[in-house]
Amino acid sequence: MIRDRRIRVLICDDSALVRITLKKIIESDPGIQVIGVAKDGEEAIRQSVLLKPDVITLDVTMPKLDGIGALKQIVEKKIAPVIMISSITEAGAQSTLDSIELGAFDYIAKPSGQKEITDISKDIINKIRSAVKADIYKKNRPTILSGDVKKSARPSPPPFIATERPEFSNLD
C-alpha cells in the first residue's frame, strides 16, 4: 500500500496523563501523528466524525458515554478501526472481550508504571499500523485518477443474484 501521508490517530481517554503519554508514544514514530484528543465518549464520537482519523484509541472507562457505548456508534458509522485501552482488572478484562465482540480492532492493556509504558510502546505503534493495514472499512481501497494508478486498482465483483433455488435432494 502506498501512503502519501502520515497515519492519523485520535486518542480518547479521560485521563490527561494517559492522553499525554499515548501522544508521546504514538508520535515517536515519524509516520504517525495524533490529530486530536477526546476526554469522554461523546467527544470521541464528535471528534471522530469531524477529524476522520485512520485509527482511534478508546479508553473503556470514561464519563458521559463510556468506551463501549462510543465504540458501538463508531463501528456503526464505520469511521475508523478502534483500539481499546483497558485496565488489567477482572472488570476490565470483560469489557475488553465485549469490545472485541462489538467490533474493536484490538486492545492494549493500560500501563501502570514507567517500565510498562516503555515495554508497550512498540506494541501500540504496531497495533496502529496493523489497524491501518487491515483497512477494515476499505478506506484505502485503490483508485484510478486520469489513467494514473495511485494504488493498485481492483474492480469489485458483480453482485450475486440468485434466480433459482438450488436443489439438494440428490445429495442423499
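Before reading on, note that the structure itself is shown above.
Because the structure is predicted, anything quoted here is derived from the model rather than measured.

**Student:** Please provide a residue-by-residue account of the pattern of salt bridges, values included.
**Tutor:** Following the criterion strictly, the structure yields seven salt bridges and no others. Residue K127 pairs with D106 through a salt bridge whose shortest N-O separation is 3.4 Å. A residue pair is termed long-range when its members are at least 10 positions apart, and K127 in helix α5 (residues 114-134) and D106 in strand β5 (residues 106-109) qualify at 21 residues. Look at K127 and you get buried, because its relative accessible area is 15%. Note that D123 is salt-bridged to K127, the shortest N-O span being 3.9 Å. Separated by four residues within a single helix, D123 and K127 lie in helix α5, roughly one turn from each other. When its relative accessible area of 33% is taken as the criterion, D123 is described as partly exposed. Each of the salt bridges in this network shares a partner with another, and the network as a whole consists of D106, D123 and K127.

**Student:** Outline the pairing of strand β1 (residues 7-12), listing residues and values.
**Tutor:** Two faces belong to every sheet, and in a regular strand the side chains alternate between them. Counted residue by residue, β1 has five buried out of six residues, so it is predominantly covered. With six bridges joining them, β1 and strand β2 (residues 32-38) adopt parallel strand pairing. Residue pairing in the sheet places I11 in a bridge with V37 of β2. Strand direction decides the pairing type here: β1 and strand β3 (residues 55-59), joined by four bridges, are parallel. Within β3, the position partnered with L10 by the bridge is I56.

**Student:** Tell me about the packing of helix α2 (residues 41-51) against helix α3 (residues 67-76), and name the residues and values.
**Tutor:** As a packed pair, α2 and α3 sit with axes 8 Å apart at the nearest point and diverge in direction by 20°. With respect to their mutual orientation, α2 and α3 come out roughly parallel. The hand of the α2/α3 crossing is right-handed. Residues G41, I45 and S48 of α2 form the contact with α3, whose participating residues are A70, Q73 and I74. For the contact of α2 with α3, the residue count by class is three nonpolar, three polar and no charged.

**Student:** Describe in detail the packing of aromatic side chains, supporting the description with residues and values.
**Tutor:** Enumeration according to the criterion identifies zero aromatic pairs in this entry. Over the ring of Y107 we find K127, and its NZ or CZ is 5.2 Å from the ring centre.

**Student:** An account of the side chain of T57 is needed here, citing residue identities and associated values.
**Tutor:** Within the element layout of this structure, T57 appears in strand β3. For T57, a relative accessible area of 1% corresponds to the buried category.

**Student:** Help me get a handle on the side chain of D54, residues and values and all.
**Tutor:** Residue placement: D54 occurs in the loop between α2 and β3. Side chain to side chain, D54 and R5 meet in a polar contact 2.8 Å long.

**Student:** Give me the lowdown on the environment of T57, citing residues and values where you can.
**Tutor:** Through-space distance from the C-alpha of T57 to that of A104 is 9.8 Å; in sequence the pair is 47 residues apart. Residues in contact with T57, not counting those within four places in the same chain, are V9, L10, I11, C12, L22, I83 and I85.

**Student:** Any details on the sheet that holds β2? Residues and values, ideally.
**Tutor:** Strands sit in the order β2-β1-β3-β4-β5 across an open sheet of five strands; the sheet is parallel. Two strands close off the open sheet at either side, each with one partner strand: β2 and β5. Between one strand and the next, the sheet's axes are offset by a mean angle of 25°, whatever the strand orientation. Examined bridge by bridge, β3 and strand β4 (residues 82-86) share four bridges and lie parallel to one another. When the sheet's bridge partners are listed, D59 is paired in β4 with I85.

Conventions adopted
- Residues numbered from 1 in each chain as written.
- Predicted model: local features only at pLDDT ≥ 70, side-chain atom pairs only at ≥ 80, totals over all residues.
- Heavy atoms only, no water.
- Salt bridge = Lys/Arg side-chain N within 4 Å of Asp/Glu carboxyl O.
- Helix = DSSP H or I, 4+ residues; strand = E, 2+ residues; numbered from the N terminus.
- Buried < 20%, exposed > 50% of the residue type's maximum accessible area, 1.4 Å probe, protein only.
- Pairing = 2+ DSSP bridges.
- Axes fitted to C-alpha atoms, helices over the stretch in contact; angles between N-to-C directions.
- Parallel < 35°, antiparallel > 145°, perpendicular 65-115°, else oblique.
- Left-handed = near helix turned anticlockwise from the far one by under 90°.
- Contact = heavy atoms within 4.5 Å.
- Nonpolar A, V, L, I, M, F, W, Y, C, P; charged D, E, K, R; others polar.
- Phe/Tyr/Trp six-rings, centres within 6.5 Å; stacked < 30°, edge-to-face > 60°.
- Lys NZ or Arg CZ within 6 Å of the ring centre and 35° of its normal.
- Polar contact = N/O pair within 3.5 Å; in protein donor to acceptor, adjacent residues only side chain to side chain.

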